[in-house]
Amino acid sequence: MHNFKELNSWKEAKDFSLLVYRITAKFPPSENYGISSQIKRAAVSIPSNIAEGAGRNTDKDFSRFIAIALGSSFELETQLIIANELEFLENEKFEDLILKLNAIQKMLVNFQKYLNK
């Protein structure tokens, strides 16, 4: 079992989800139950799955939850692209979010490789 609060991938993903919440608060009110809600759920899913996996008894089980977190990150990336194309995000903010999300994705891939050794 791992302490998820000590994992850099969890810390980064948790901080990213807070950033996403702050940014989506500025989306049009008509999107509260649309893409804004989907983006927030996907963002929160990343650190949540890391935490859940950390509580599992084997690295193999943990790796499965890292895979789910990674899947949520790609779902989130797609939703951010759509939000940007709908002009809910400024290009500069979008590019910053994507850079941060890609860094989290790389951390998850590397951590999964470590767990699967």
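Our subject in this report is the structure included herewith. (Residues numbered from 1 in each chain as written. Predicted model: local features only at pLDDT ≥ 70, side-chain atom pairs only at ≥ 80, totals over all residues. Heavy atoms only, no water.)

Examining the packing of aromatic side chains
So, point 1. Taken as a whole and judged by the stated rule, the model has 4 aromatic pairs.
So, point 2. Taken together, a centroid distance of 5.0 Å and an interplanar angle of 75° make the contact between F4 and W10 edge-to-face.
So, point 3. F4 sits in the partly exposed class, given a relative accessible area of 25%.
So, point 4. Using a relative accessible area of 15% as the deciding quantity, one classes W10 as buried.
So, point 5. Ring-pair connections join several aromatic residues into one group, and the members of that group are F62, F111 and Y114. (Phe/Tyr/Trp six-rings, centres within 6.5 Å; stacked < 30°, edge-to-face > 60°. Buried < 20%, exposed > 50% of the residue type's maximum accessible area, 1.4 Å probe, protein only.)

Notes on unusual backbone geometry
So, point 1. The phi dihedral of E87 falls on the positive side, at around 65°, and the residue is not glycine.
So, point 2. Considering the arrangement of structural elements, one finds E87 in the loop between α3 (59-85) and α4 (91-115). (Helix = DSSP H or I, 4+ residues; strand = E, 2+ residues; numbered from the N terminus.)

Quick look at α4
What sets the pattern is the α-helix's 3.6 residues per turn: residues three or four places apart point alike.
So, point 1. For α4, with 25 residues, the first-to-last C-alpha span of 36 Å sits near the 36 Å given by 1.5 Å per residue.
So, point 2. If you check which residues of α4 are buried, you get F94, L97, I98, L101, I104, Q105, L108, F111, Q112 and L115.
So, point 3. Residues of α4 that are buried in the fold lie against α1 (8-24), α2 (35-54) and α3. (Expected span 1.5 Å × (residues − 1). Contact = heavy atoms within 4.5 Å.)

Details of the side chain of S63
So, point 1. Note on placement: S63 falls in helix α3.
So, point 2. S63 sits in the buried class, given a relative accessible area of 5%.
So, point 3. S63 has contacts with Q112, L115 and N116, leaving out every residue within four places of it along the chain.

Remarks on α2
So, point 1. Taking 1.5 Å per residue as the helical rise, α2 with its 20 residues ought to reach 28 Å, and the 29 Å between its terminal C-alpha atoms agrees with that figure.
So, point 2. For α2, the principal kink sits at S45 and spans about 30°; a proline, P47, occurs within the next four residues.
So, point 3. Burial analysis of α2 places 14 of its 20 residues in the buried class, which makes it a mostly covered element. (Bend = angle between axes of the 7 residues up to and from the residue.)

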